[in-house]
Amino acid sequence: MNDSTRPVAVVALEVPPRTRPTNYPEPFASRMKGREKRQLGDVFGLANFGVNLTRLASGAVSALRHAHSKQDEFIYILKGSPVLHTDEGRTLLAPGMCAGFRAGTGNAHHLINESAEEVLYLEVGDRSPGDEGSYPDDDLQAELVQGAWRFTHKDGTPY
């Protein structure tokens, strides 16, 4: 899609969900069941940062608990009450609450929907080249190479 064919505005919930539910390799990909992302920034051709409208079904998680070396992240809760799990512990969030994760702190985070109600939130992250992801709870590490994530075990062997 070129700039002349991109929409000026869209209804966010009408943007089709990502066709590939996750970039994680197995055995981690199956743990993302119940998560649905609509890549809003991509609809407009945004190159410097991404914006996703993400839905978590009951029992779903936003991602593996992770931290970025170069990418800042921000979330804003629209609906539901997910639990934010960080290195500091667990924090119950509600609609209207937001959280930010500064790059390079090593503070790993993710959301967990422990309620019966679905969760809907916006996530915003930059697309810094050379970013790396660390996963303290799993045998996984990630490196952003030419715009795509490359996943390996912590000893460097590929998945």
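What counts and how
Residues numbered from 1 in each chain as written. Predicted model: local features only at pLDDT ≥ 70, side-chain atom pairs only at ≥ 80, totals over all residues. Heavy atoms only, no water. Pairing = 2+ DSSP bridges. Helix = DSSP H or I, 4+ residues; strand = E, 2+ residues; numbered from the N terminus. Axes fitted to C-alpha atoms, helices over the stretch in contact; angles between N-to-C directions. Buried < 20%, exposed > 50% of the residue type's maximum accessible area, 1.4 Å probe, protein only. 1 Å grid on protein atoms, 1.4 Å probe; cavity = no way out; pocket = protein on both sides within 12 Å on 5 of 7 lines; lining within 4 Å. Points joined across faces, edges and corners; volume = space filled by probe spheres on them. Nonpolar A, V, L, I, M, F, W, Y, C, P; charged D, E, K, R; others polar.

(A) Structural view of the sheet that holds strand β2 (residues 49-56). In spatial order, the strands read β1-β2-β9-β4-β7; together these five strands make up an open sheet with antiparallel pairing. Both edges of this open sheet fall to β1 (35-39) and β7 (98-101), since each of them pairs with a single strand only. The average angle at which neighbouring strand axes cross in this sheet is 20°, direction not considered. Summarising the sheet, β1 and β2 pair through five bridges and their orientation is antiparallel. Bridging across to β2, R38 finds its partner in L53.

(B) Representation of the sheet that holds strand β8 (residues 109-112) within the structure. Read from one edge to the other, the open sheet built from three strands follows the order β6-β5-β8, with strand pairing classed as antiparallel. Looking at which strands have only one partner, the edges of the open sheet turn out to be β6 (89-92) and β8. Taken pair by pair, the neighbouring strands of this sheet meet at an average axis angle of 25°, ignoring direction. Two strands pair when backbone bridges link them, and strand β5 (residues 83-86) and β8 are joined in this way by four bridges, in the antiparallel orientation. Following the sheet pairing, L84 is matched in β8 by L111.

(C) Fine view of unusual backbone geometry. Here the amide bond leading from E26 into P27 is cis, since omega sits at 15°, within 30 degrees of zero. The residue P27 is located in the segment before β1 in this model. If you check the backbone angles, Q146 has positive phi at about 50° while not being a glycine. Within the secondary structure, Q146 sits in the loop between β11 (141-145) and β12 (148-152). Taking the relative accessible area as the measure of exposure, Q146 reaches 83% and is therefore exposed.

(D) Layout of the layout of surface pockets. In this structure, the largest pocket spans a volume of roughly 910 Å³. Taken together, 42 residues form the lining of the largest pocket, with R18, K37, N52, Q71 and W149 sitting closest to its centre. If you list the elements that add at least two residues to the lining of the largest pocket, you get β1, β2, β4 (73-79), β8, β9 (119-126), β11 and β12. Take the lining of the largest pocket: its biggest share by element is five residues, from β9. Here the residues of the lining of the largest pocket are counted per class, giving 17 nonpolar, 17 polar and eight charged.

(E) Local environment of empty space enclosed by the protein. Applying the stated criterion across every chain, the model contains one cavity of 30 Å³ or more. The volume enclosed by the largest cavity comes to roughly 40 Å³. Contributing to the lining of the largest cavity are A67, H68, Q71, E73, F101, R102, A103, T105, G106, N107 and H109. Of the residues in the lining of the largest cavity, the class split is three nonpolar, six polar and two charged.

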